[in-house]
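What follows is each chain in one-letter form.
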Amino acid sequence: MTGDAPLNKPLSPFPANSLRTGPDARGRFGQFGGRFVAETLMPLVLEVEAAYEAAKADPSFQAELDVYLKDYVGRPSPLWLAQRLTDRLGGAKVYFKRDELNHTGAHKINSCMGQILLAKRMGKTRIIAETGAGQHGVATATVCALFGLPCTVYMGATDVARQAPNVFRMKLLGAEVKPVTSGAATLKDAMNEALRDWVANVSDTFYIIGTVAGPHPYPAMVRDFQSVIGNEAKAQLHAVEGRLPDIAVACIGGGSNAMGLFHPFLDDPSVRLIGVEAAGHGLDSGQHAASLSRGRPGVLHGNRTYLLQDDDGQITEAHSISAGLDYPGIGPEHSWLHDIKRVEYVSATDTEALNAFQLCCRTEGIIPALEPAHAIAHVAKIAPTMAKDAIILMNLCGRGDKDIFTVAEALGVTL
Amino acid sequence: MSRIAARFAQLKAEGRGALIPFLEAWDPDAATSMALLRGMPGAGADLIEIGCPFTDPMADGPTVQLAAKRGLAAGATMAHTLAMVREFRRENDTIPIILMGYLNPILSYGVERFCKDAGICGVDGLIVVDLPSEEADLLVPHATAHAIDVIRLVAPTTDAKRLPLVLDGSSGFVYYVSITGVTGTRTASADELAAAIPLVRKATKLPIAIGFGVRSPAQAAAAVQAADAAVVASALLDTLAGSLDEYGRAGPDTVRLVLDQVRELAEAVRAARLTA
């Protein structure tokens with residue numbers, strides 16, 4: 001069709017009812033998100049937002065990022081038909097998006113690369129980060145080594161103890177790892193401490209947040225950088241199958257790998273999107289990390305979102321065998337997608353994840369991280385119920401080398 | 001006239017600045033923190049700030065973090081904090097009480113119900129650390145409806161262009177965060193204050209309190225010479241923490257030691273303008 005666009009039709013590339021246009025100008029996805037930080041940080045958060053908007057509009061920024069993603073990170077990551085797993089489950093075809101093959105072994109580096117290029121553009125000379133399992137800390141330490149910037153990583157003392165290999169990796173890469181002993185000494189406390197560092201070092205420091213949480217623009221910015229996962233997978237699946245998946249599945253702690261997988265599919269209503277939270281010892285055990293299934297909306301770490309909290313609004317401790325899912329909150333866009341029911345959120349227990357971990361090792365020759373083992377556990381539940389020509393796309397967002405000690409302990413094996 | 005406005009008007013007439021000591025609710029237990037609250041007016045407090053314990057106090061340094069942890073361990077809730085104020089009001093209806101805390105416990109209580117109950121209990125002002133002006137519309141209408149001031153934080157990172165936005169809708173007084181950093185870590189120099197406070201003064205008619213890093217009587221005196229009030233928190237909490245026994249219980253001298261320190265600070269604040 002040629003000629004003028006009808007006046008009642010938007011000129012935007014997305015239809016008016018697109019689910020991909022958020023957040024709004026206040027950084028909100030529905031009632032979630034926002035910028036709940038102390039006044040000292042507010043000007044910095046606004047500075048990051050302005051710098052990111054400018055970078056997005058500058059084709060040279062994306063071009064530079066693309067070069068690093070291709071030649072340093074190793075993108076695109078492959079799409080793998082997990083045939084033996086598919087045969088074993090006896091139902092839908094299962095495809096893995098192999099983000100565990102990225103440099104550093106997880107999806108975290110997709111966003112770290114974007115954020116450090118932004119930090120350099122802003123003239124920042126020092127990087128801080130928080131980490132749970134250590135994957136985001138390792139990815140941040142890696143890009144800091146690559147660009148020659150000093151790096152301080154905050155990590156809960158509990159996680160320092162259970163993720164010793166990643167702590168040593170970060171140190172080898174030249175990062176300073178600061179154990180955090182406040183609170184339960186896990187990921188949420190590490191994030192508190194990183195925010196305190198940022199408040200005290202406002203002029204030279206850029207905070208590389210590891211997930212789609214924090215004050216606006218972080219949830220949107222990290223999602224944008226991680227969307228490379230879904231965009232690639234969509235094109236790759238189209239190339240081999242000529243169609244969209246029936247279901248896309250990803251595990252959820254803060255939710256960055258899931259947001260990166262889901263976002264490019266949000267406007268494809270035929271694709272069911274399923275996020276898998278960590279049910280720990282069980283949803284009714286009080287020891288889990290299922291913010292959507294068992295939490296309620298509140299404000300923590302700069303955004304309004306579903307949180308695990310008690311009746312007085314005190315944040316309660318999360319539990320998961322996977323340190324990367326051990327967070328009492330979730331990215332605000334997930335909270336919105338949960339409330340509007342575009343994404344289904346389910347959960348898998350520690351035991352189910354451990355079983356899925358072993359299943360993946362033996363059927364596919366891939367040692368997955370305990371985080372995506374939760375996604376595999378759900379795939380193992382639903383694939384057998386689906387037709388053989390149905391397609392499940394799952395994000396295998398990290399490799400499990402870091403977890404072998406935890407798994408050995410859980411299986412009663414002494415190394 | 002609100003208690004806060006009345007108190008600052010009275011101090012202005014006396015030609016002196018205000019001391020605002022801080023205590024954390026239920027730190028280390030309900031009875032001790034109540035005794036501190038009751039004793040502070042007699043020790044020379046002009047206004048009193050009560051911290052509401054929260055599990056994740058992201059703007060606070062180790063001293064206030066530990067105070068919050070002790071309060072929570074003793075069982076403090078927002079309802080308990082409000083009950084402290086209600087009990088205090090039975091014997092004192094003039095000294096302004098400011099609650100300082102984080103947003104989530106207020107959201108959990110229900111913003112509207114919290115403001116109503118706080119008003120009934122005799123709370124005069126709220127400082128909500130993680131509620132910047134961009135998000136303040138969720139609290140201000142309800143607080144205003146119950147005659148509670150929403151006290152805004154201004155930081156060294158707040159530039160002249162941003163100041164009007166930050167101060168829009170603020171009332172009571174303005175809280176100047178004197179350092180870029182968390183509570184109780186370092187102290188702003190007299191030169192830094194002399195450069196910063198006039199800019200804030202130009203943007204508001206409200207009194208200005210200086211907090212974060214005011215520890216000693218001399219620093220409190222310097223704060224009221226540069227501005228209108230000095231908030232002292234970590235130094236008092238350090239004294240309290242130092243008086244606890246090995247199980248974290250209040251010692252026989254806990255209340256006296258903290259109140260003696262308030263008295264020293266008050267004397268310095270009262271002498272500051274007279275010798276200036």
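As the structure is a computational prediction, the values presented were derived from the model and not from experiment.

Asks: Please provide a residue-by-residue account of the packing of helix α3 (residues 62–73) of chain B against helix α11 (residues 234–242) of chain B, values included.
Replies: Residues and elements named next belong to chain B. Following both chains from N to C, one finds α3 and α11 inclined at 55°, their axes separated by 9 Å at the closest point. Regarding the angle of α3 to α11, the classification is oblique. Classified by chirality, the crossing of α11 by α3 is left-handed. Contacts between α3 and α11 involve Thr63, Val64, Ala67 and Arg70 on the former and, on the latter, Ser234, Leu237, Asp238, Leu240 and Ala241. Partitioning the contact of α3 with α11 into residue classes produces five nonpolar, two polar and two charged.

Asks: An account of the sheet that holds strand β9 (residues 247–252) of chain A is needed here, citing residue identities and associated values.
Replies: Residue and element names in this part refer to chain A. The mixed open sheet is built from six strands, whose spatial order is β3-β4-β14-β9-β10-β13. Edge positions in the sheet fall to β3 (79–81) and β13 (343–349), since each of these pairs with one other strand and no more. Across this sheet, the average inter-strand angle for adjacent strands is 25°, counted without regard to direction. In this sheet, strand β10 (residues 272–280) lies alongside β9 in parallel orientation, the contact comprising six bridges. Within the sheet, the bridge partner assigned to alanine 250 lies in β10 and is glycine 275. The strands that helix α10 (residues 228–241) touches are β3, β4 (93–97) and β14 (391–395); relative to β4, the one it contacts most, it runs at about 140°. Each of β9 and β13 touches helix α13 (residues 332–339); the most contacted strand, β13, lies at about 110° to it.

Asks: An account of a nonpolar patch on the surface is requested, with residue identities and associated values reported.
Replies: All names here are of chain A. The grouping of Ile367, Ile404, Phe405, Leu411, Val413 and Leu415 at the surface amounts to a nonpolar patch, some 560 Å² of accessible area in total. With respect to the helices and strands, phenylalanine 405 occurs in helix α16 (residues 404–410). Look at phenylalanine 405 and you get partly exposed, because its relative accessible area is 44%.

Asks: Talk me through the sheet that holds strand β5 (residues 126–131) of chain A; I want residue IDs and the actual numbers.
Replies: Residue and element names in this part refer to chain A. Pairing within the open sheet is parallel, and its four strands lie in the order β7-β6-β5-β8. Pairing within the sheet leaves two strands with one partner each, and these edge strands are β7 (176–180) and β8 (205–207). Averaged over all adjacent pairs, the angle separating strand axes in this sheet is 25°, with direction ignored. Each of β5 and β8 touches helix α4 (residues 108–121); the most contacted strand, β8, lies at about 155° to it.

Asks: Which residues make up the interface of chain B and chain A, and what values go with them?
Replies: Across the contact, 37 residues belong to chain B and 37 residues belong to chain A. In total, chain B and chain A occlude about 2,900 Å² of area from one another, counting both sides; carbon and sulfur atoms represent 50% of this. When residues of chain B are sorted by the area they lose upon contact with chain A, Asp56(B), Met58(B) and Glu135(B) head the list and together hold 22% of the total. Across the contact surface, chain B and chain A share five salt bridges. In this structure, Arg26(A) and Glu135(B) form a salt bridge, with 3.6 Å as the shortest nitrogen-oxygen distance. The tally of links from chain B across to chain A stands at 22 residue pairs in polar contact (both at pLDDT 80 or more). Within the residue set of the side of chain B that touches chain A, elements represented by two or more residues are α3, α5 (103–109) and β6 (152–154) of chain B. The greatest single-element share of the side of chain B that touches chain A, amounting to five residues, is contributed by α5(B).

Asks: Just give me the short version of the side chain of Asn166(A), but keep the residues and values in it.
Replies: All names here are of chain A. For asparagine 166, the location among the structural elements is in helix α7 (residues 164–172). Assessed through its relative accessible area of 1%, asparagine 166 is described here as buried. Looking at asparagine 166, its side chain comes within polar contact range of the main-chain oxygen of alanine 133, at 3.1 Å. At 2.6 Å, the side chain of asparagine 166 forms a polar contact with the side chain of arginine 169. Setting aside chain neighbours within four positions, we find asparagine 166 in contact with Ala133, Gly134, Gln135, Val138 and Lys402.

Asks: So what's going on with empty space enclosed by the protein? Residues and values would help.
Replies: Residue and element names in this part refer to chain A. Inspection of every chain in the model, using the stated rule, returns 10 cavities of 30 Å³ or more. There is about 360 Å³ of room inside the largest cavity. Around the largest cavity sit 30 residues that line it, and His107, Lys108, Gly324, Leu325 and Glu371 are the ones nearest its centre. Contributions of two or more residues to the lining of the largest cavity are made by β5, α5 (135–147), α8 (187–200), β9, α11 (256–262) and α15 (370–382). Grouping the constituent residues of the lining of the largest cavity by class yields 11 nonpolar, 15 polar and four charged.

Asks: Give a description of the pairing of β5(A) that names residues and reports values.
Replies: Residues and elements named next belong to chain A. Burial analysis of β5 places six of its six residues in the buried class, the great majority of the element. Burial along β5 is two-sided: the residues Arg126, Ile128 and Glu130 and Ile127, Ala129 and Thr131 are all buried. Note that β5 and strand β6 (residues 151–156) share five bridges and pair parallel. When the sheet's bridge partners are listed, threonine 131 is paired in β6 with methionine 155. Between the parallel pair β5 and β6, the chain is carried across by α5, and the sense of this crossover is right-handed.

What counts as what
- Residues numbered from 1 in each chain as written.
- Chains lettered and ligands numbered in written order.
- Predicted model: local features only at pLDDT ≥ 70, side-chain atom pairs only at ≥ 80, totals over all residues.
- Heavy atoms only, no water.
- Axes fitted to C-alpha atoms, helices over the stretch in contact; angles between N-to-C directions.
- Helix = DSSP H or I, 4+ residues; strand = E, 2+ residues; numbered from the N terminus.
- Parallel < 35°, antiparallel > 145°, perpendicular 65-115°, else oblique.
- Left-handed = near helix turned anticlockwise from the far one by under 90°.
- Contact = heavy atoms within 4.5 Å.
- Nonpolar A, V, L, I, M, F, W, Y, C, P; charged D, E, K, R; others polar.
- Pairing = 2+ DSSP bridges.
- Patch = residues over 30% accessible without salt bridge, like charges linked within 9 Å, V, L, I, M, F, W, Y side chains within 5 Å.
- Areas by Shrake-Rupley, 256 points an atom, 1.4 Å probe, with all protein chains shown as cover.
- Salt bridge = Lys/Arg side-chain N within 4 Å of Asp/Glu carboxyl O.
- Buried < 20%, exposed > 50% of the residue type's maximum accessible area, 1.4 Å probe, protein only.
- Buried area = accessible area lost by both parts, 1.4 Å probe.
- Polar contact = N/O pair within 3.5 Å; in protein donor to acceptor, adjacent residues only side chain to side chain.
- 1 Å grid on protein atoms, 1.4 Å probe; cavity = no way out; pocket = protein on both sides within 12 Å on 5 of 7 lines; lining within 4 Å.
- Points joined across faces, edges and corners; volume = space filled by probe spheres on them.
- Right-handed = clockwise from strand over helix to strand, strands pointing away.

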